[in-house]
Amino acid sequence: MRKFWLVSLFIVSSGIVPFFTLAAPAEIASTKESFKLPSAVEKSAKSKSALRSSGALIQSVENNVWFDTIDISYESDLNSNGFYHNLYVRFDADTNYTSIPVYAHFALKRAGAPEVIIHTSSVFRLYETSADDWFAIESELLHSLPPAYYDLVIRIYDADYNDLLAEISGFDEPALAELPLEDYSFDKPQVVVIEEDGGSLGWFSLLGLVCIALTRRKLITA
């Protein structure tokens, strides 16, 4: 550690500018976490047990934690091209444990491109099969996501040991597949600029008006 500080002091004192930077990468999405976002799941007539027994949600990783319900919606299409830059996700997960602290990764994946993590959640708890421990995010996509159809990937991890407990994606559940999304940099509305040519024709027109005014003045004074 001492050698590092000596090198740093030498660089600063000698006026040498380092070629690297430790600046944090720009945020791909601006995300708010909430336990109070409205959801169509709450209005569903199906009970949780009916959803599980019907096999409505199939996940890649099956452990002592599983996804019970997931609600997805999107909005804000400023340029009216059918792709949106605001994404809402709300899910309820259940566990065989009495209580377990977890956190979640939310990622988007399009064909031919690497997966992009848009949010890593804070730690929250799951309580057996409670319907009151749901978790939701409201995410505004900012960059690195061109217009495309994306699969949403959600992973739940053990907050104590970082073990992957549950994973679900568009590959498992059709409702999470082919979401029409784009980031805000692509969703800006198109601005039409009308330029008026003010070149030589404009100057000649102005000169002609001046000449007419002078001629009329001479006629009046004559």
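As shown above, the structure is provided for reference.
Residues numbered from 1 in each chain as written. Predicted model: local features only at pLDDT ≥ 70, side-chain atom pairs only at ≥ 80, totals over all residues. Heavy atoms only, no water.

Draft legend 1. Geometry of the overall build of the protein chain. Counting its regular elements, the protein chain contains four helices and ten strands. Starting at the N terminus and walking to the C terminus, you meet the elements of the protein chain as α-β-α-β-β-β-β-β-β-β-β-β-α-α. Residue burial in the protein chain is summarised as follows: out of 222 residues, 35% are buried. (Helix = DSSP H or I, 4+ residues; strand = E, 2+ residues; numbered from the N terminus. Buried < 20%, exposed > 50% of the residue type's maximum accessible area, 1.4 Å probe, protein only.)

Draft legend 2. Seen up close, the pattern of salt bridges. Following the criterion strictly, the structure yields two salt bridges and no others. For glutamate 115, the salt bridge goes to arginine 155, with nearest N and O atoms at 2.8 Å. Note that glutamate 115 is positioned in the loop between β4 (100-109) and β5 (116-120) and arginine 155 in strand β8 (residues 148-158), a separation of 40 residues in sequence. By relative accessible area, which is 32% here, glutamate 115 ends up partly exposed. (Salt bridge = Lys/Arg side-chain N within 4 Å of Asp/Glu carboxyl O.)

Draft legend 3. Region of interest: the packing of aromatic side chains. Inspection of the entire model under this criterion finds nine aromatic pairs. Measuring from centroid to centroid gives 6.1 Å for phenylalanine 91 and phenylalanine 106, while their planes differ by 45 degrees, and the two rings are tilted. Residue phenylalanine 91 is found in strand β3 (residues 86-95), and its partner phenylalanine 106 is found in strand β4; the two are separated by 15 residues along the sequence. Since its relative accessible area comes to 1%, phenylalanine 91 is described here as buried. One aromatic cluster in this structure is built from Phe67, Phe91, Phe106, Phe124 and Phe135. In this arrangement the basic side chain of arginine 90 is found over the ring face of tryptophan 134, its NZ or CZ atom lying 3.9 Å from the centre. (Phe/Tyr/Trp six-rings, centres within 6.5 Å; stacked < 30°, edge-to-face > 60°. Lys NZ or Arg CZ within 6 Å of the ring centre and 35° of its normal.)

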